[in-house]
Number of protein chains: 2
Amino acid sequence: MIRVAVVDDHPIVTDGVVANLRASGEIEIVATGTSADDAVVLAGAQHPDVLILDLELAGKNGIDAIRAVKEASPQTRIVIFSAYAGEERVATAFERGADSYVLKGTSSDELVAVVRAVAAGGTMIPPEIGAQLARAVRQPRRDRLTEREREILALLAEALANRAVGERLGITERTVKFHVGEILGRLGAANRAQAVAIAKARGIV
Amino acid sequence: MIRVAVVDDHPIVTDGVVANLRASGEIEIVATGTSADDAVVLAGAQHPDVLILDLELAGKNGIDAIRAVKEASPQTRIVIFSAYAGEERVATAFERGADSYVLKGTSSDELVAVVRAVAAGGTMIPPEIGAQLARAVRQPRRDRLTEREREILALLAEALANRAVGERLGITERTVKFHVGEILGRLGAANRAQAVAIAKARGIV
DNA sequence: ACGACACCTGTCCGTTCGGACAGGGTCCGG
DNA sequence: CCGGACCCTGTCCGAACGGACAGGTGTCGT
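Owing to the predicted nature of the structure, the values given are computational and were not obtained by experimental measurement. (Residues numbered from 1 in each chain as written. Chains lettered and ligands numbered in written order. Predicted model: local features only at pLDDT ≥ 70, side-chain atom pairs only at ≥ 80, totals over all residues. Heavy atoms only, no water.)

K.L.:
Would you mind going over the nonpolar core with me for this structure?
P.N.:
One broad rule of soluble globular proteins: the nonpolar side chains tend to lie buried together. Counting residues in hydrophobic clusters, the biggest one holds 40 residues, and the most contacted among them are Val 4, Leu 21 and Ile 52 of chain A together with Val 4, Leu 21 and Ile 52 of chain B. If we ignore the near neighbours within four places in the chain, the residues touching Val 4 of chain B are Leu 21, Ile 27, Glu 28, Ile 29, Val 30, Ala 31, Pro 48, Val 50, Ile 52 and Val 115 of chain B. Membership of the second largest hydrophobic core comes to 28 residues, among which are Leu 57, Ile 63, Ala 65 and Ile 80 of chain B. (Core = buried A, V, L, I, M, F, W, Y, C linked by side-chain atoms within 4.5 Å. Buried < 20%, exposed > 50% of the residue type's maximum accessible area, 1.4 Å probe, protein only. Contact = heavy atoms within 4.5 Å.)

Next up, the structure:
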């Protein structure tokens, strides 16, 4: 039997996943949770073979939980189960230690297949996720943002003007304009508003 | 038996809901779907007693589907099943004809209770949703947006410039500026980018 | 030591925004 | 029928934005 834990902030989603996994006959559900903290705690206590983890958790970044779970229980393999799959987010999830990534829109059969594969030590990544991953890797620098740029982008998302951003960071308004220009170019955005929209879509902010 | 249909763009969520409802013993699932179009079609074909409808549908606005479903099958009662519950979104859902609104974070028991209540012709609205509704009603007009304003706000979210919005809607750039000014005032935003951010946070777009 | 990369700053300029004026029209409910 | 919504349009102007030029620093790896 494969020992599986499920963490999703929506109990009914958890119910659905659990029901589908149980139906496969070779999976045992050892724990469920609804927050990033739950994920870390139950991973440390139960050491499940596979953790199915939603990224849209109520508390905060499910993406940050990946590393924490891996530290608490290194042998646990992590399958991300998310509704969204932006390049940046997919790439970050794997960098942090995820073993697979399944969209919520996929069928339950596929989810079972993925759990089976990763539990056996293999890797099974749905084609649409693989494509996103390839795209993220292929781009050398064009749309990868530097630390500073991400920082400024976050402030833009709060609707701060260039001058305000400069004051916040202790740099000139002119410099902010420079960085904003870089951000627009890298993201392919026409203006700051669109840059923020793209950033949200890709899960950067 | 209460005849229920479920529409959610995530099949696994649908599975979970179906499993929980079936377990109650007095509910029969007559149809499931994954898009707003599905909702309208199956409502017209099956005329279920209750339709459980997710608002975050892949195709388009689930919120627009409410009215369409009510037209296709007036006797069908609609229970919104969403992960988010911003004031504007809750209020709009009920204006369009929703009969109840349940958060995805609530337990399956509560969902069953709500389905039972609305099927019996009653109304059962979870307290957190009722609170949002009260808050939305209390505000006279200050931060409520008109239909046109919502329309323009949606285009602003796509980072269109005033001129482009005007062309899209067949009105002058000047008129767009007028509406944008109104939107900023009502939302308390300093600029269009922040307006979009607030709109997203409240679930207006 | 040299190039790359990230970071910072400056001037100039055309476009867009957002606010402050001021007015048109419709349609609906009291 | 008249006030109050919603919708549309205009001019003027200061501020912000975004691009195009042209530089400066520091750090890191080859």
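K.L.:
Quick question: what am I supposed to make of the sheet that holds strand β2 (residues 27–33) of chain A here?
P.N.:
Within a sheet, each strand pairs with its neighbour through backbone hydrogen bonds, oriented either parallel or antiparallel. All names here are of chain A. Spatial ordering of the open sheet is given by β2-β1-β3-β4-β5, a layout of 5 strands whose pairing is parallel. Every interior strand has two partners, whereas the edge strands, β2 and β5 (100–103), have only one. Pairwise comparison of adjacent strand axes, ignoring direction, gives a mean angle of 25 degrees for this sheet. With 6 bridges joining them, strand β1 (residues 2–7) and β2 adopt parallel strand pairing. Counted as the bridge partner of Val 6 is Thr 32 from β2. (Pairing = 2+ DSSP bridges. Helix = DSSP H or I, 4+ residues; strand = E, 2+ residues; numbered from the N terminus. Axes fitted to C-alpha atoms, helices over the stretch in contact; angles between N-to-C directions.)

K.L.:
Looking at this structure, I do not really get the interface of chain B and chain A. What am I missing?
P.N.:
Where the parts come together, the accessible area they lose is often given as the size of the interface. Across the boundary between the two partners, chain B contributes 24 residues, which contact 24 residues of chain A. Approximately 1800 Å² of surface area, both sides summed, lies buried where chain B meets chain A, with 67% of it carried by carbon and sulfur atoms. Considering only the surface of chain B that becomes buried against chain A, His 10, Ile 12 and Ala 159 of chain B emerge as the three largest contributors, covering 30% of it. Linking chain B with chain A are 0 salt bridges. Put simply, chain B and chain A have 4 residue pairs in polar contact (both at pLDDT 80 or more) between them. Mapped by element, the contributors of at least two residues to the side of chain B that touches chain A are α1 (11–23), α5 (108–119) and α10 (192–202) of chain B. (Buried area = accessible area lost by both parts, 1.4 Å probe. Salt bridge = Lys/Arg side-chain N within 4 Å of Asp/Glu carboxyl O. Polar contact = N/O pair within 3.5 Å; in protein donor to acceptor, adjacent residues only side chain to side chain.)

K.L.:
Would you take a moment to explain the domain arrangement of chain A for this structure?
P.N.:
According to the domain assignment, chain A consists of domain 1 (2–138) and domain 2 (147–202). The distance between the C-alpha centroids of domain 1 of chain A and domain 2 of chain A comes to 32 Å. (Domains from an automatic or database assignment.)

K.L.:
What is the right way to look at the relation of the copies chain B and chain A in this model?
P.N.:
What relates the pair of chain copies is a rotation about an axis plus a shift along that axis. Between chain B and chain A, the superposition needs a rotation of 179 degrees and an axial shift of 0.3 Å, giving an RMSD of 2.1 Å. Put plainly, the chains are arranged around a two-fold axis. Considering only C-alpha atoms, the part of chain B nearest the rotation axis is Gly 16 of chain B, at 1.7 Å. Looking at the interface residues of chain B, 100% of them are also at the interface in chain A, so both copies use one shared face. (Least-squares fit on C-alpha atoms with pLDDT ≥ 70 in both.)

K.L.:
Got a minute to help me understand the protein's contact with DNA strand D in this structure?
P.N.:
Around DNA strand D there are 18 residues in total, and Arg 192 of chain A together with Thr 146, Thr 172, Arg 174 and Thr 175 of chain B lie nearest to it. A share of 65% of the atoms of DNA strand D within 4 Å of the protein falls on sugar and phosphate groups. Residue Asn 162 of chain A places a main-chain N or O atom 3.2 Å away from a phosphate oxygen belonging to DNA strand D. Between Thr 175 of chain B and DNA strand D, the recorded distance is 2.6 Å, taken from a side-chain N or O atom to a phosphate oxygen. (Near = heavy atom within 4 Å.)

K.L.:
Explain unusual backbone geometry here, please?
P.N.:
Across residues other than glycine, the phi torsion is negative in most instances, and most of the peptide bonds are trans. Even without being glycine, Ala 159 of chain A reaches a positive phi, approximately 70 degrees. A relative accessible area of 11% means that Ala 159 of chain A is categorised as buried.

K.L.:
For this particular structure, what's the right way to read the protein's contact with DNA strand C?
P.N.:
Around DNA strand C, 17 residues are found, and the nearest of them are Thr 146, Arg 174 and Thr 175 of chain A together with Lys 177 and Arg 192 of chain B. The protein-proximal atoms of DNA strand C, defined as those within 4 Å of the protein, are 62% sugar or phosphate. At 2.5 Å, a side-chain N or O of Thr 175 of chain A approaches a phosphate oxygen of DNA strand C. Those elements that place two or more of their residues in the surface near DNA strand C are α9 (173–187) of chain A together with α8 (162–169) and α9 (173–187) of chain B. Residue composition of the surface near DNA strand C, grouped by class: 5 nonpolar, 6 polar and 6 charged. (Nonpolar A, V, L, I, M, F, W, Y, C, P; charged D, E, K, R; others polar.)

K.L.:
Can you help me understand the pattern of salt bridges in this one?
P.N.:
Once their charged atoms are close, side chains differing in charge can pair, the charge on each being opposite to the other. On inspection of all chains with the given rule, the structure shows 21 salt bridges over all chains. One salt bridge connects Lys 104 of chain A with Asp 8 of chain A, and the closest N-O pair in it is separated by 3.2 Å. Here Asp 8 of chain A lies in the loop between β1 and α1 (11–23) and Lys 104 of chain A lies in the loop between β5 and α5 (108–119), a separation of 96 residues in the sequence. Relative accessible area serves as the criterion here: at 5%, Lys 104 of chain A is assigned to the buried category. Of the residues examined, Asp 8 of chain A reaches a relative accessible area of 2% and is grouped as buried. Two residues, Lys 70 of chain B and Asp 99 of chain B, come together in a salt bridge whose shortest N-O distance is 3.2 Å. Remark: Asp 99 of chain B occurs in the loop between α4 (87–96) and β5 (100–103) and Lys 70 of chain B occurs in helix α3 (residues 62–72); sequence separation between them is 29 residues. Several salt bridges converge on common partners, so that one network encompasses Asp 8, Asp 54 and Lys 104 of chain A.

K.L.:
Hey, could you run me through the pairing of strand β4 (residues 77–82) of chain B in this one?
P.N.:
Every regular strand shows the same layout, with side chains that alternate between the two sheet faces. Residues and elements named next belong to chain B. Most of β4 is tucked away: 6 of the 6 residues are buried. Burial of the side chains of β4 extends over both faces: Arg 77, Val 79 and Phe 81 are buried on one face and Ile 78, Ile 80 and Ser 82 on the other. Bridge count between strand β3 (residues 50–53) and β4: 4 bridges; the pairing is parallel. Paired with Leu 53 across the strands is Ile 80, a residue of β4. Bridge count for β4 against β5 is 4 bridges, and the pairing is parallel. By the bridge assignment for β5, Phe 81 is matched with Val 102.

K.L.:
Please explain the side chain of His 10 of chain B as it appears in this structure.
P.N.:
Note that His 10 of chain B resides in the loop between β1 (2–7) and α1. Excluding its chain neighbours within four sequence positions, the residues that come into contact with His 10 of chain B are Ala 83, Lys 104 and Gly 105 of chain A.

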